[in-house]
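Okay, here's what each chain looks like letter by letter:
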Amino acid sequence: MTRTPVKSSNVVSVGHCPDSKRLHIEFANGVYEFDGVSADQHRELMAAESKGKHFHQFIKGKFASRKL
């Protein structure tokens, strides 16, 4: 999956596969995969002014995840 670099103090890059509904978020300490993330949720993250705030409010703890 290709990740897109983003402007954020916490998030390095973001990638999404709409078919599998998997979201990859790269942080300074590694890449994490989140299951069940819709294309709309990915678009909202990418449009958010603060990627880190959006992640903490709408993604973290709400989707099964693992470090890759």
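Our subject is the structure that appears above.
Owing to the predicted nature of the structure, the values given are computational and were not obtained by experimental measurement.

Rules used in this analysis
- The residue count restarts for each chain, going from 1 along the sequence in the order it is written.
- Reporting in this predicted model follows two pLDDT cut-offs: at least 70 for local features of residues, and 80 or more for side-chain atom pairs to be given and counted; totals over whole chains, interfaces and linings ignore these cut-offs and use all residues.
- The side-chain figures draw on all heavy atoms in the structure; neither hydrogens nor water molecules are used.
- Here, a strand pair is defined by DSSP locating no fewer than two bridges between the strands.
- Runs of E in the DSSP output that reach at least two residues are strands. Runs of H or I that reach at least four are helices, and both are numbered from the N terminus.
- We call two residues in contact when some of their heavy atoms are within 4.5 Å.
- Lines fitted to C-alpha atoms define the axes here, with helix axes fitted over just the stretch in contact, and angles between the N-to-C directions of these axes take values from 0 to 180 degrees.
- Here, the term nonpolar core denotes a set of buried Ala, Val, Leu, Ile, Met, Phe, Trp, Tyr and Cys residues that are joined through side-chain atoms within 4.5 Å.
- For each residue, the accessible area found with a 1.4 Å probe, counting protein chains only, is set against the maximum for its type, and the residue is called buried under 20%, exposed over 50%, and partly exposed in between.

K.L.:
Before we go on, may I ask you to explain the sheet that holds strand β3 (residues 22–27) in this structure?
P.N.:
Whenever strands of a sheet pair, they do so through backbone hydrogen bonds, lying parallel or antiparallel. Sheet architecture is open: five strands sit in the order β1-β2-β3-β4-β5, paired in antiparallel fashion. Sheet topology places β1 (4–5) and β5 (65–67) at the edges, where each strand pairs with a single neighbour. Two strands pair when backbone bridges link them, and strand β2 (residues 11–17) and β3 are joined in this way by six bridges, in the antiparallel orientation. Paired with Val-11 across the two strands is Phe-27, which belongs to β3. Strands β1, β2 and β3 of the sheet are contacted by helix α1 (residues 39–47), whose axis makes an angle of about 160 degrees with β2.

K.L.:
Mind showing me how you'd approach the nonpolar core here?
P.N.:
As a rule of thumb, nonpolar side chains are buried together in soluble globular proteins. With 12 residues, the main nonpolar core is built from Val-6, Val-11, Val-14, Leu-23, Ile-25, Phe-27, Phe-34, Val-37, Leu-45, Phe-55, Ile-59 and Phe-63. Considering every element that reaches this core, the biggest residue donor is β3, with three residues. In contact with Ile-25, other than residues within four places in its own chain, are Val-11, Ser-13, Gly-30, Val-31, Tyr-32, Phe-34, Leu-45 and Phe-55.

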